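# Residue-level structural notes
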Amino acid sequence: VQLQASGGGLVQAGGSLRLSCVASGGTFSRYGMGWFRQAPGKEREFVGGIRWSGGFTYYQASVKGRFTISRDNAKNTVYLQMNSLKPEDTAVYSCAVDRTPLYDGVHYNAYEYEYWGQGTQVTVSS
């Protein structure tokens, strides 16, 4: 499975970005997807995730209400819509595929994810 994330960039505080992650080489529609981020000097952290069917999402508290994850299984793509961005959202954002097919929830631990994309840089200026 290969994941290609895109959509990052430089944005002012309060602005918006939409990240995309396209999967290839696997059965995308059977697996939950997660978004993680890592800022310089900090550990990777869970941002949010979406169930394989798309009917359930779960977010880290600091992004809840500002970020929205969606997926289009016909396009093998998961999205991260980020609104009201803050400087503390600056990080490299990566998408990942859950290792458990048809899991009826969202995992928030990185070890629950098997395949990872290369990441896309998001920089929010104050």
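Heads up: the structure comes first, above all this text.
Every residue gets a number counted from 1 within its own chain, in the order that chain's sequence is written. It should be noted that, the model being predicted, local features are given only for residues of pLDDT at least 70 and side-chain atom pairs only at 80 or more, the latter also being counted only at that level, while totals for whole chains, interfaces and linings use all residues. Calculation of side-chain values draws on the structure's entire complement of heavy atoms; hydrogens and water are dropped beforehand.

The next subject is the state of the cysteines. Here a disulfide denotes one covalent bond, and it connects the sulfur atoms of two cysteines. To count as a disulfide, a pair of cysteine sulfur atoms needs to be within 2.5 Å. On inspection of all chains with the given rule, the structure shows one disulfide. Here Cys21 is linked by a disulfide to Cys95, with a sulfur-sulfur distance of 2.0 Å. Negative torsions about the S-S bond denote left-handed disulfides, and the value of about 65° found for Cys21 with Cys95 makes this one right-handed. On the criterion of sequence distance, the pair formed by Cys21 in strand 3 (residues 17-24) and Cys95 in strand 9 (residues 91-101) is long-range, its members being 74 residues apart. Secondary structure elements are taken from DSSP: a helix is a run of H or I of four residues or more, a strand is a run of E of two residues or more, and numbering for both begins at the N terminus.

Turning to the packing of aromatic side chains, a few remarks are in order. Geometry of aromatic contacts follows a simple scheme: Phe, Tyr and Trp rings, the Trp one being its six-membered ring, pair when their centres are within 6.5 Å, and the pair is stacked under 30 degrees between planes, edge-to-face over 60, tilted otherwise. Tallied over the full model, the rule gives seven aromatic pairs. Between the aromatic rings of Phe36 and Phe46, the centroid separation amounts to 5.5 Å while the plane-to-plane angle is 75°, which identifies the pairing as edge-to-face. A residue pair is termed long-range when its members are at least 10 positions apart, and Phe36 in strand 4 (residues 31-38) and Phe46 in strand 5 (residues 45-50) qualify at ten residues. Here the aromatic residues Phe36, Phe46, Tyr58, Tyr108, Tyr113 and Trp116 are joined through ring pairs into a cluster of three or more. One cation-aromatic arrangement involves Arg44 over Trp116; the distance from NZ or CZ to the ring centre is 4.1 Å. Throughout this description, the term charge over a ring refers to an Arg CZ or Lys NZ atom that lies within 6 Å of the ring centre and within 35 degrees of the ring normal. Here the guanidinium or amino end of Arg71 rests over the ring plane of Phe28, the centre of that ring lying 4.3 Å away.

On to the pattern of salt bridges. Think of a salt bridge as a Lys or Arg side-chain nitrogen and an Asp or Glu carboxyl oxygen that are within 4 Å of each other. Using the criterion set out here, one finds four salt bridges in the structure. With its nearest N and O atoms 2.9 Å apart, the salt bridge here joins Arg37 to Asp89. Pair noted here: Arg37 is in strand 4 and Asp89 is in the loop between strand 8 (77-82) and strand 9, with a separation of 52 residues, a long-range link. Each residue's exposure class comes from its accessible area (1.4 Å probe, protein chains only) as a fraction of the maximum for that residue type: buried when under 20%, exposed when over 50%, partly exposed otherwise. Residue Arg37 is classed as buried on the basis of its relative accessible area of 5%. Taking relative accessible area as the criterion, Asp89 reaches 1% and is therefore assigned buried. A salt bridge links Arg51 to Asp104; the shortest N-O distance between them is 2.8 Å. Pair noted here: Arg51 is in the loop between strand 5 and strand 6 (57-59) and Asp104 is in the loop between strand 9 and strand 10 (113-116), with a separation of 53 residues, a long-range link. Connected via shared salt-bridge partners are Arg37, Glu45, Arg66 and Asp89.

From the geometry alone we can't say anything about function, so treat these as descriptive.
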